[in-house]
Amino acid sequence: MNYKRLTLFAGHYGSGKTNIALNYALWLRRQGLKVTVADLDIVNPYFRTKDGEAQLREAGIRLISSEYANSNVDLPALPGEVYSLLDDRSAHGVIDVGGDDRGALALGRYVPAIREEGDYEMLFVLNRSRPLTRTVDDALEVFYEIEAACALPFTAIVNNTNLGPLTSAGDVIAGQRFAEEVSARTGLPVKMSCGARKLGDELYNKVSNFFPIDIMQLYYMEKEGTSLGKTNL
Amino acid sequence: MKETVLMKGNEAIAEAAILAGCRHYFGYPITPQTEVAAYMAKKMPKIGGTFLQAESEIAAINMVYGVAATGKPAMTSSSSPGISLKAEGISYLAGADLPALIVNVQRGGPGLGGIQPSQSDYDFVTRGPGHGDFHILVFAPSSVQEMADLTGRALHLAWKYRMPAMLLADGTMGQMMEPVVLPEPANAFGDDNPWAATGTEMKRPHNIVNSLYLSPDELEKLNFQRFERYAGIEKTEALWEEYLMDDAEICIVACGITARVSRNAIVEARKQGIKVGMLRPITLWPFPKQALAAAAEKVNAFLCVEMNMGQMKQDVELAIRCSRPVALCNRVGGMIPTPDEVLAHIQKIAEGGNEA
């Protein structure tokens, strides 16, 4: 799979941008590259890139995030350090953009520098299981709102259709078809389809450019494999 | 089979309210519940509903009062400090016997506190959040699915009993994403509400929606009548879930996110041979006193797991008439207890080192 110096993940709120950004950064690192991740999310109060800080550090990846992330302070501030990602062209950058047009607005200030360099991919992350992006028209509404907010056109689509721990290979395949419909309407290619690595055997030949996800976001207050029972009301 | 979607708790509340027939939302942004308003802003204009960002929390709750007076379902949402502001309006709704849905996605306090999750509004909302004698229905969901299911139920029961209902979540529940099967669209509210102020067309006496009574006799009578209604609700509407309680010697009492944490701890404790179960209140008012009293007949000790200074613990002690020791495992200020912390408390009780 090809990559550019800067990879930006944007899309609908809750489409899985942060999770993919973390996994993509690790993948770039495994190619032997120097990698920096920048968290530009000024919308989401919890469950942020910072939750993956230890794993990134262990892998030798630098994380730039707001010093207020995961604190009790509700300040939509971006660190000045983000500019170092644009200036230091020796490192590959993964940029985790906030959700929807509201989140993408914060990207706008960096767009002139990103465009000037020209070595970037702007990826539209799409999860068909999210209720506000279940039709192509709804997905395109979000797509164009984000482009208008940050003034950086998308260059490709990422299928990240999932239902969290319940995701089946069939969900990913259905998502791939959905992403292809969005691709037909926008003229942009589908760069990759994401899914848990354990689904790999079922997916490698069925979706284009399967991208295995290793770090899944587990709620830190729960242990793997246990979940709440369903209550009949 | 209905399709499963992936939603944030806050979004599930918003969509479930729409599916239940609510077309009027008034709110004011505050972390960690803003997604409720954001979802409504996106969706309501597309379905002919009303989304209005009011100038304050106080304005929003009074707009809810206005819509409710016309017999239409209305809702607002906020987080702890915003609910304090709404308290006056909630009291007026209760005093006028109006139905309304109020969503509270709790954060740490008191004061501005912080934006991380808490359960520290327990006492505030279960005692009737506002001045005067009244109660509101309080629901405490423990999964995104339950947030969707209980939203419809809260709206429905608010209507049935003509009283405000609160969906009481915490920041974690509001922000976490889980698969959910959305409920079927329904409209439990009817168009003909004999109490609503919809215009008489000169065919009937005026319906007056009001909480001011000039005669103390009349006001006293209304208060007594209202509490008779509450007594009936306490008998029939309490909800709870029991988990591994059949042979339990220790009973954890926890709701919302701490019930999920506790469930993990119980699984671990059971592996170590400790007979522990959980009674999870789903309604906090009415509190499932009956179930707790019955549990007290079987178990040796209780352990409350809370994200406050032990507010629900007092309700447990009252429900069981202090017949068993009740211990507390708690974190506050935006911190969440870990399964290991809960497990340590269970182990201590099992070893007889009961701190209560």
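So, a few notes on the structure that sits alongside this text. Positions within a chain are numbered from 1, following the residues in the order the chain's sequence is written. Chain letters start at A and ligand numbers start at 1, both assigned in the order the entries are written. The model is predicted, so local features are restricted to residues of pLDDT at least 70 and side-chain atom pairs to those at 80 or more, both for listing and for counting; the totals for chains, interfaces and linings are taken over all residues. Values reported for side chains reflect all heavy atoms of the structure, with hydrogen atoms and water molecules removed beforehand.

Such a bond, covalent and formed between the sulfur atoms of two cysteines, is termed a disulfide. Cysteine sulfur atoms are paired as a disulfide whenever they fall within 2.5 Å. Overall, the coordinates contain zero disulfides over all chains when judged by the stated rule. Cysteine C322 of chain B remains unbridged, with the sulfur of C304 of chain B as its closest cysteine sulfur at 11 Å.

All right, on to the pairing of strand β8 (residues 177-181) of chain B then. All names here are of chain B. For β8, a buried count of four out of five residues is recorded, marking the element as mostly surrounded by other parts of the structure. Alignment of strand β1 (residues 4-8) against β8, held across five bridges, turns out to be antiparallel. Looking at the pairing, T4 lines up with V181 of β8. Using a 1.4 Å probe on the protein chains alone, a residue whose accessible area is under 20% of its type maximum counts as buried, one over 50% counts as exposed, and one in between counts as partly exposed. Secondary structure elements are defined from DSSP: runs of H or I of at least 4 residues count as helices, runs of E of at least 2 residues count as strands, and each element is numbered from the N terminus. Pairing between strands requires that DSSP locate at least two bridges from one strand to the other.

With 48 residues of chain B at the contact, the number on the chain A side is 39 residues. A simple way to read buried area is as the amount of 1.4 Å-probe accessible surface that goes missing from two parts once joined, with both sides added. Summed over both sides, the interface between chain B and chain A buries roughly 3700 Å², with carbon and sulfur atoms accounting for 58% of that surface. Considering only the surface of chain B that becomes buried against chain A, L6, K42 and I115 of chain B emerge as the three largest contributors, covering 16% of it. The term salt bridge refers to a pairing of a side-chain nitrogen on Lys or Arg with a carboxyl oxygen on Asp or Glu at a separation within 4 Å. The tally of links between chain B and chain A comes to five salt bridges. With a shortest N-O distance of 3.5 Å, R128 of chain A and E3 of chain B are connected by a salt bridge. For this analysis, a polar contact is any N or O atom pair within 3.5 Å, provided that within protein one partner can donate a hydrogen and the other can accept it, and provided that sequence-adjacent residues contribute only side-chain to side-chain pairs. At the boundary of chain B and chain A, one finds ten residue pairs in polar contact (both at pLDDT 80 or more). Here a residue-residue contact requires only that any non-hydrogen atoms of the pair lie within 4.5 Å.

Time to look at the environment of H92 of chain A. All names here are of chain A. Here H92 lies in strand β4 (residues 92-96). The class for H92 is buried, based on a relative accessible area of 16%. Separated by 84 residues in the primary sequence, H92 and L8 have C-alpha atoms spaced 11 Å apart. When neighbours within four sequence positions are excluded, H92 is seen to be in contact with Y3, K4, R5, L28, L33, K34, V35 and T36.

What follows is about the sheet that holds strand β11 (residues 276-281) of chain B. Within a sheet, each strand pairs with its neighbour through backbone hydrogen bonds, oriented either parallel or antiparallel. All names here are of chain B. Pairing is mixed across the open sheet formed by five strands, whose spatial order is β9-β11-β10-β13-β14. Each edge of the open sheet carries a strand with a single partner, namely β9 (240-243) and β14 (326-330). In this sheet, adjacent strand axes meet at a mean angle of 20° when their direction is disregarded. Here strand β13 (residues 301-306) runs beside β14; their pairing, made up of five bridges, is parallel. The residue of β14 that forms the bridge with C304 is L328. Lines are fitted to the C-alpha atoms to define the axes, a helix being fitted only along its stretch in contact, and any angle between axes, read from their N-to-C directions, falls within 0 to 180 degrees.

Okay, the packing of aromatic side chains next. Only the six-membered ring of Trp is used, alongside the rings of Phe and Tyr, when aromatic pairs are assigned; centres must lie within 6.5 Å, and planes under 30 degrees apart are stacked while those over 60 apart are edge-to-face, with the rest tilted. Across all of its chains, the model carries 15 aromatic pairs over all chains by this definition. Seen in terms of ring centroids, Y204 of chain A and F210 of chain A are 5.1 Å apart; in terms of plane orientation they differ by 85°. Their pairing is edge-to-face. Y204 of chain A gets classed as partly exposed once you look at its relative accessible area, which sits at 45%. Take F210 of chain A: its relative accessible area is 10%, and that puts it in the buried class. Ring pairs connect the aromatic residues Y3, F9, Y24, W27 and F211 of chain A, which therefore count as one cluster. Over a ring means this: the NZ of a Lys or the CZ of an Arg is within 6 Å of the ring centre and within 35 degrees of the ring normal. Between the NZ or CZ atom of R128 of chain A and the centre of the ring of F178 of chain A, over which it lies, the distance is 5.9 Å. A cation sits over an aromatic face here: R263 of chain B above Y243 of chain B, 3.7 Å from the ring centre.

Attention now moves to the packing of helix α3 (residues 57-69) of chain B against helix α4 (residues 80-95) of chain B. How two helices sit against one another is set out by the angle between their axes and by the gap between those axes. Residues and elements named next belong to chain B. The contact between α3 and α4 brings their axes to 8 Å, and the two run at 25°. In this view, α3 runs roughly parallel relative to α4, as classed from their interaxial angle. As for the relative orientation of α3 and α4, their crossing is right-handed in sense. Here α3 contributes E57, I58, A60, I61, N62 and Y65 to the contact with α4, which in turn contributes G82, L85, K86, E88, G89, I90, Y92 and L93. A class-by-class count of the residues in the contact of α3 with α4 yields eight nonpolar, three polar and three charged. Note on terminology: angles under 35 degrees are roughly parallel, angles over 145 are roughly antiparallel, angles of 65 to 115 are roughly perpendicular, and the others are oblique. Here a crossing is called left-handed whenever its near helix is offset anticlockwise from the far helix by less than a right angle, and right-handed whenever the offset is clockwise. Only Asp, Glu, Lys and Arg are considered charged, only Ala, Val, Leu, Ile, Met, Phe, Trp, Tyr, Cys and Pro nonpolar, and every remaining residue, Gly among them, polar.

Next up on the list: helix α9 (residues 257-271) of chain B. Residue and element names in this part refer to chain B. When the terminal C-alpha atoms of α9 are compared, their 22 Å separation across 15 residues agrees well with the 21 Å that a helix rising 1.5 Å per residue should span. Buried residues dominate α9, accounting for eleven of its 15 residues. For α9, the set of buried residues is I257, T258, A259, R260, V261, S262, R263, N264, A265, I266 and A269. A helix is expected to reach a length of 1.5 Å times the quantity of its residues less one.

Once that is clear, we can look at the sheet that holds strand β2 (residues 35-39) of chain A. All names here are of chain A. Here eight strands make up an open sheet; going across it, the order is β3-β2-β4-β1-β5-β6-β7-β8 and the pairing parallel. Two strands lie at the open edges of the sheet, namely β3 (62-64) and β8 (210-213), each paired on one side alone. Each neighbouring strand pair of the sheet contributes to a mean axis angle of 25°, computed without reference to strand direction. Sheet analysis places strand β1 (residues 6-11) next to β4, joined by four bridges and oriented parallel. Residue pairing across strands places L6 opposite G93, the latter belonging to β4. Against the sheet, helix α6 (residues 136-150) engages β1 and β5 (120-126), with an angle of about 145° to β5. Helix α7 (residues 169-186) rests against β5, β6 (156-159) and β7 (190-196) of the sheet, and its axis sits at about 165° to β6.

Once that is clear, we can look at the pattern of salt bridges. Scanning the entire structure with this criterion turns up 32 salt bridges over all chains. The partner of R102 of chain A in a salt bridge is D100 of chain A, and the shortest N-O contact between them spans 3.4 Å. Judged by relative accessible area, which is 41%, R102 of chain A ranks as partly exposed. On the basis of relative accessibility, which here comes to 5%, the residue D100 of chain A falls in the buried class. Taken together, the shared-partner salt bridges connect E146, E241, R263 and R280 of chain B into one network.

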